[in-house]
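# Summary of the model geometry
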Amino acid sequence: MKRIVYADNAATTQLDSDAYKAMSEILQREYGNPSQPYSFSRAAKKLLADARESIASCINALPDEIYFTSGGTESDNCAIKSVAFNNSSKAVITSQIEHHAILRSCEFLEKQKFPVVYLPVAHDGIVRPEILKRYITNNVSLVSIMLANNEIGTIQPIGEFAETTHSYGAIFHTDAVQAVGHIKVDVKELTVDMLSASAHKFNGPKGVGFLYIKRGTKLLPYMHGGQQEQGLRAGTENVASIVGMSIALKNNVDHLKENRKLLANLEMALFARLQYNGFSENVNYFRNGNTQEHIDGNVSLSFKGIDGEILLHRLDLMGISVSTGSACDSVNTKISHVLTAIGISQEIAKGTIRISFGKNNVVDDAVYIADSITRVINELV
Ligand code: PLP
């Protein structure tokens with residue numbers, strides 16, 4: 001039987017089995033609309049309230065600061081547009097390495113005549129706090145900088161950005177889609193006003209996520225209709241998926257330490273095996289992004305003179321799933337905007353793959369990936 005090694009967990013993850021069990025039960029039995037007043041719907045309403053409370057406690061928020069959405073893209077769109085349109089002439093600041101859910105939202109704002117600044121990023125993938133201080137003014141409504149990057153895994157100094165932003169009276173949002181469920185995320189410690197998360201990145205179901213909005217943060221409702229989600233985001237709630245998301249998040253948060261240790265070991269095993277196979281860093285491959293401030297298990301590797309697409313397909317034939325850049329970019333053959341922003345040359349950037357391990361991987365998977373990469377590269381060069 002063909003060996004299958006899934007190592008694209010930054011694109012999506014396997015559904016948690018406790019979440020799956022709860023969801024199938026709810027889909028079949030608790031199908032009441034949580035907004036209806038009769039007793040049959042009370043169970044759905046309670047499930048929603050419990051899920052909100054559990055999610056809030058996982059990030060040290062209050063339950064009424066959690067707004068359910070359809071995922072990371074919607075949370076990001078809501079954050080950017082709801083703040084900008086509430087402050088019509090003011091500018092928005094973001095970074096050059098954001099996910100397209102942020103970048104495209106900002107491009108849309110530019111078309112509506114909002115000034116937008118895209119902060120440059122250092123070679124290690126980290127936005128330096130001084131850069132924000134250089135660009136921010138009293139005419140800024142929102143600063144949005146991601147907590148962890150999806151392509152290279154780098155973690156940004158969010159607390160420092162939030163402090164600078166607040167000193168200018170602006171709102172601070174972070175896209176924490178790659179961080180929630182993977183590292184400790186405490187909204188009070190980070191001092192953020194808004195934070196986006198997506199369930200399928202932390203072993204929850206696809207098509208559901210949440211936006212944390214600190215009490216008192218002023219925004220315009222962006223989805224109009226019913227009064228769900230405190231009138232900010234209308235639409236009947238996806239009860240089963242929301243419950244699945246809350247269970248998956250709790251399970252990940254409860255096992256954060258073990259999971260991180262496992263992922264760090266998998267990374268070590270990968271590099272040790274590459275070394276054993278005669279592949280050295282900065283000779284046979286380059287590693288992108290800061291290796292200390294990064295999400296464990298997210299590894300971006302570039303091979304000079306290699307086409308990343310060909311490498312990906314050859315690995316696929318060996319049963320290995322990895323990505324060339326971000327999954328959302330897989331139809332786009334352009335060089336990744338993240339690698340360009342951190343100053344990787346086109347020649348090296350085009351030979352880049354992202355390996356992102358998950359809690360279901362084992363050391364033997366890392367060894368198999370290292371051996372397969374070695375074999376393919378030796379054949380291609
Ligand atoms: N933000 C980041 C950093 C991501 O990695 C992704 C997905 O890849 C998203 C936003 C979009 O999330 P979703 O797939 O839930 O729309």
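Overview of the structure. No experiment lies behind these values; they were computed from the predicted model shown.

## Regarding the overall build of the chain
- Helices and strands together make up the secondary structure of the chain, namely 13 helices and 12 strands.
- Expected size for 381 residues packed as a compact globule is a radius of gyration near 21 Å; at 21 Å, the chain falls within 12% of this value.
- The principal-axis extents of the C-alpha atoms in the chain amount to approximately 65 × 50 × 35 Å.
- The 381 residues of the chain split such that 56% are buried.
- Looking at the chain alone, contacts between residues at least 24 apart form 73% of all its contacts between residues at least 6 apart.
- For the chain, the accessible surface area stands at approximately 16,500 Å², while carbon and sulfur atoms represent 53% of it.
- The averaged location of the 40 negative side-chain charges in the chain is 2 Å from the averaged location of its 37 positive side-chain charges.

## Topic: the sheet that holds strand β10 (residues 298-302)
- Taking strand neighbours across the sheet as the criterion, the three strands line up as β9-β10-β12 in an open arrangement whose pairing is antiparallel. Of all strands in the sheet, those bounded by a partner on one side alone are β9 (286-287) and β12 (352-356).
- By the bridge criterion, two bridges tie β9 to β10 in an arrangement that is antiparallel. Counterpart to Phe 286 in the pairing with β10 is Ser 302.
- Helix α9 (residues 256-276) rests against β9, β10 and β12 of the sheet, and its axis sits at about 25° to β10.

## A short note on the site of the ligand
- Surveying the vicinity of the ligand reveals 14 residues, the closest of which are Thr 73, Asp 175, Gln 178, Ser 198 and Lys 201.
- With respect to the ligand, the side chain of His 200 contributes an N or O atom lying 2.9 Å from an oxygen atom.
- For the shell around the ligand, the element with the most residues is helix α3 (residues 72-84), which contributes three residues.
- Tallied by class, the residues present in the shell around the ligand amount to three nonpolar, eight polar and three charged.

## Considerations on the environment of Val 185
- In this fold, Val 185 is placed in the loop between β6 (171-175) and α7 (187-190).
- Residue class for Val 185 comes out buried when judged on its relative accessible area of 5%.
- If sequence neighbours within four positions are ignored, Val 185 has contacts with Cys 58, Ile 59, Leu 147, Ala 179, Val 180, Leu 190 and Leu 195.

## Description of the nonpolar core
- The biggest cluster of nonpolar side chains holds 64 residues, and the ones touching the most others in it are Val 180, Val 185, Leu 195 and Phe 210.
- For this core, the element with the highest residue contribution is helix α8 (residues 239-254), accounting for seven residues.
- In this structure, Leu 301, Ile 306, Leu 311 and Ala 366 belong to the second largest nonpolar core, which totals 28 residues.

## Side note on the packing of aromatic side chains
- Counted under the stated rule, the structure contains five aromatic pairs.
- Pairing Phe 85 with Phe 114 gives two aromatic rings, centres 5.4 Å apart and planes at 80°, and the pair type is edge-to-face. One end of the pair, Phe 85, is in the loop between α3 and β3 (91-95); the other, Phe 114, is in the loop between α4 (100-111) and β4 (116-119), and 29 residues separate them in sequence.
- Under the relative-accessibility criterion, Phe 85 is labelled partly exposed at 35%.
- Ring centres of Tyr 285 and Phe 303 lie 6.5 Å apart, and the angle between their planes is 55°; on these two criteria the pair is classed as tilted. Of this pair, Tyr 285 sits in the loop between α9 and β9 while Phe 303 sits in the loop between β10 and α10 (308-317), and the two are 18 residues apart along the sequence.
- One aromatic cluster is present, built from ring pairs that chain together Phe 85, Phe 108 and Phe 114.

## Examining the side chain of Arg 233
- Inspection of the secondary structure puts Arg 233 in the loop between β8 (209-213) and α8.
- Accessibility expressed as a relative area gives 14% for Arg 233, which makes it buried.
- Contacts of Arg 233, omitting those with residues within four sequence positions, involve Phe 68, Thr 69, Ser 70, Glu 74, Tyr 222, Met 223 and Gln 228.

## Re the packing of helix α1 (residues 17-29) against α8
- The N-to-C vectors of α1 and α8 enclose an angle of 160°; their axes lie 8 Å apart at closest approach. Looking at the two axes, α1 sits roughly antiparallel to α8. Every pair of crossing elements has a handedness; the one defined by α1 and α8 is right-handed. Together, Asp 18, Ala 19, Ala 22, Met 23, Ile 26 and Leu 27 of α1 and Val 239, Ala 240, Ser 241, Val 243, Gly 244, Ile 247, Ala 248 and Asn 251 of α8 make up the contact between the two elements.
- In terms of residue class, the contact of α1 with α8 is built from 10 nonpolar, three polar and one charged.

Criteria and thresholds
Residue numbers here run from 1 along each chain, matching the order of that chain's written sequence. Per-residue local features are limited, in this predicted model, to residues with pLDDT of at least 70; the limit for side-chain atom pairs, both in listing and counting, is 80 or more; totals at the level of whole chains, interfaces and linings are taken over all residues. As a convention, hydrogens and water are excluded, and side-chain values are obtained from all of the structure's heavy atoms. Runs of H or I in DSSP of at least four residues are treated as helices and runs of E of at least two as strands, each being numbered from the N terminus. Computation of the radius of gyration draws on C-alpha atoms alone. For the globule rule, the value is 2.2 Å times the number of residues to the power 0.38. Any residue under 20% of the maximum accessible area for its type is buried, any over 50% is exposed, and the rest in between are partly exposed; the area is computed with a 1.4 Å probe on protein chains only. Note on contacts: a residue pair is in contact if any heavy atoms of the two residues lie within 4.5 Å. To measure how exposed things are, a 1.4 Å probe is used in the Shrake-Rupley method; for residues, cover is taken only from the protein chains shown. His residues and chain termini do not enter the charge count, which takes Lys and Arg as positive and Asp and Glu as negative. Charged side chains are reduced to one point each, which is NZ for Lys, CZ for Arg, CG for Asp and CD for Glu. Pairs of strands are assigned from DSSP output, requiring at least two bridges between the strands. Between N-to-C directions, angles cover 0 to 180 degrees, with each direction set by a line fitted to C-alpha atoms, over the stretch in contact for helices. The cutoff for a nearby residue is simple: one of its non-hydrogen atoms must lie within 4 Å of the molecule or strand. Two N or O atoms form a polar contact when they lie within 3.5 Å of each other; inside protein one atom must be a possible hydrogen donor and the other a possible acceptor, and for residues adjacent in sequence the pair counts only when both atoms belong to side chains. The nonpolar class holds Ala, Val, Leu, Ile, Met, Phe, Trp, Tyr, Cys and Pro. Asp, Glu, Lys and Arg form the charged class, and all remaining residues, Gly among them, are polar. In this text, buried Ala, Val, Leu, Ile, Met, Phe, Trp, Tyr and Cys residues form a nonpolar core when linked through side-chain atoms within 4.5 Å. Only Phe, Tyr and Trp rings are paired, with Trp represented by its six-membered ring, and only when their centres lie within 6.5 Å; those with planes under 30 degrees apart are stacked, over 60 edge-to-face, the remainder tilted. Angular relationships are summarised with four words: roughly parallel below 35 degrees, roughly antiparallel beyond 145, roughly perpendicular across 65 to 115, and oblique for the angles in between. The handedness criterion is simple: a crossing whose near helix is rotated anticlockwise from the far helix by less than a right angle is left-handed, and one whose near helix is rotated clockwise is right-handed.

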